[in-house]
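Architecture at a glance
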Amino acid sequence: MNTKAKTEETNGHSKKSPHFHSDLAKPKIGQEAAEIQPFGTIAKLPNGLSEKVCKESVERLNQILADTMTLRDMYKKHHWQVAGKTFYQLHLLFDKHYDEQVELVDQIAERIQLLGGLSFAMAADVAENTNIPRPPKGREEVPVQISRLLTAHEIILQGARASAKKAAGMGDEGTNDLLVSDVIRTNELQVWFLAEHLVDVPLVQAN
C-alpha cells in the first residue's frame, strides 16, 4: 500500500470508509410538525406579571402592531407614488417616517414576545385585523395621501393612549413605557410634520 493510501485509511477519510455517511450532509427539507405555541396563547415567563395581564397587553399590542404595520406600508406606497411640486421633500419625508415606523414595529412585536405572546407577522393577518382603511392601489394627489396618513396616525394614537392607560392600571409598566415613550411620541411628531403640509399659506407674498 502506498503512503497516500495509508494516510487516507489511517485518518478515516477514505471513500470506502464505513464511517462516512453521505446522508448526514444532506439538508432535511420539507419538514412539518405541529405548532409549538398556538396564536392567542401565552407562554408564561417569570416576569412578575400574571398570565391574565400578559394576555390583555398582548391583545392590545397586537392591534397597535397591525395598525402600525399598515401605516408603515402606507408610507412606502406614498413614498413611491408621490408627485407634484413637493415631490422631493415629501419623497424624503415619507421614507424617513417609514424607517421610524419600521423601528416601532420591531419594538412592539418584541414586547409581545417577551410577554409570552405571539405577534402578528404576515401581511394577510395584518390586513384582516387592522383598523386603518385600505387605500386604493392607484396614485392619489398629495393632499389625499397626507390626509390618509393623518387618519391612520390618529387611529394608532387613540389606541395607544387607551392601551397605555390600561397597562399602567394593570401594573404593566414596560408596556406603558413603550406606548408612551415610543409609539405615542413618534406618531405625534410625525403628525406635526405631515399636518403642516396641509396649511395653505402664500410662498412669496403675504396676503
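Computed from a predicted model, the values in this text were never measured in an experiment.

Rules used in this analysis
Residue numbers here run from 1 along each chain, matching the order of that chain's written sequence. Residues qualify for local features only when their pLDDT is at least 70, as the model is predicted, and side-chain atom pairs are given and counted only at 80 or more; totals for whole chains, interfaces and linings, by contrast, use all residues. Excluded from the side-chain calculations are hydrogens and water; all other atoms, namely the structure's heavy atoms, are used. When a carboxyl oxygen of Asp or Glu is within 4 Å of a side-chain nitrogen of Lys or Arg, the pair counts as a salt bridge. Helix numbers and strand numbers start at the N terminus; a helix is a DSSP run of H or I with at least 4 residues, a strand a run of E with at least 2. The buried label goes to any residue with under 20% of its type's maximum accessible area, the exposed label to any with over 50%, and the partly exposed label to all in between, with areas taken from a 1.4 Å probe on protein chains only. By the criterion applied in these results, polar contacts are pairs of N or O atoms within 3.5 Å in which, for protein atoms, one can donate a hydrogen and the other can accept it, and in which residues neighboring in sequence qualify only through two side-chain atoms. In summary, the pairing rule links any two rings of Phe, Tyr or Trp, Trp by its six-membered ring, whose centres are within 6.5 Å, and it sorts them by plane angle into stacked for under 30 degrees, edge-to-face for over 60 and tilted for everything else. As a reminder, the over-ring test applies to NZ of lysine and CZ of arginine, requiring each to be within 6 Å of the ring centre and within 35 degrees of the ring normal. Remark: nonpolar core denotes a set of buried residues (Ala, Val, Leu, Ile, Met, Phe, Trp, Tyr, Cys) joined through side-chain atoms within 4.5 Å. A contact between two residues is defined here by any heavy atoms of the two lying within 4.5 Å.

Considering the pattern of salt bridges
- With the rule as written, the count across this model stands at ten salt bridges.
- A salt bridge links Lys 76 to Asp 95, with the nearest nitrogen and oxygen atoms 2.7 Å apart. Residue Lys 76 is found in helix H2 (residues 51-81), and its partner Asp 95 is found in helix H3 (residues 87-114); the two are separated by 19 residues along the sequence.
- With relative accessibility at 16%, the residue Lys 76 sits in the buried group.
- The salt bridge involving Lys 96 is made with Glu 100; its shortest N-O contact spans 2.6 Å. Note that Lys 96 and Glu 100 are positioned in helix H3 at a spacing of four residues, about one turn of the helix.

Notes on the environment of Asp 73
- Here Asp 73 shows up in helix H2.
- On the basis of relative accessibility, which here comes to 41%, the residue Asp 73 falls in the partly exposed class.
- With 46 residues separating them in the primary sequence, Asp 73 and Pro 27 have C-alpha atoms 35 Å apart.
- A polar contact of 2.8 Å, which involves the side chain of Asp 73, links it to the side chain of Arg 72.

Considerations on the packing of aromatic side chains
- Here the structure, examined in full by the defined rule, presents three aromatic pairs.
- Aromatic pair Trp 192 and Phe 193: ring centres 5.3 Å apart, planes at 55°, arrangement tilted.
- Classification of Trp 192 as exposed rests on a relative accessible area of 51%.
- You can call Phe 193 partly exposed: its relative accessible area is 37%.
- It is Lys 76 that lies over the ring of Tyr 98; its NZ or CZ is 4.2 Å from the centre.

Here we look at the nonpolar core
- In terms of nonpolar packing, the biggest core is built from 42 residues, with Leu 65, Phe 94, Ile 108, Val 183 and Leu 194 touching the most fellow members.
- Secondary-structure elements contributing two or more residues to this core are H2, H3, helix H5 (142-170) and helix H6 (173-195).
- With eleven residues, H2 is the single largest residue contributor to this core.
- Ignoring anything within four residues of it in the chain, the contact list for Leu 65 reads Val 105, Ile 108, Ala 109, Ile 112, Ser 119 and Phe 120.

Comments concerning the side chain of Asn 62
- Counting through the fold element by element, Asn 62 comes out in helix H2.
- With relative accessibility at 5%, the residue Asn 62 sits in the buried group.
- Setting aside its immediate chain neighbours within four residues, Asn 62 contacts Phe 39, Ile 112, Leu 118, Ser 119 and Phe 120.

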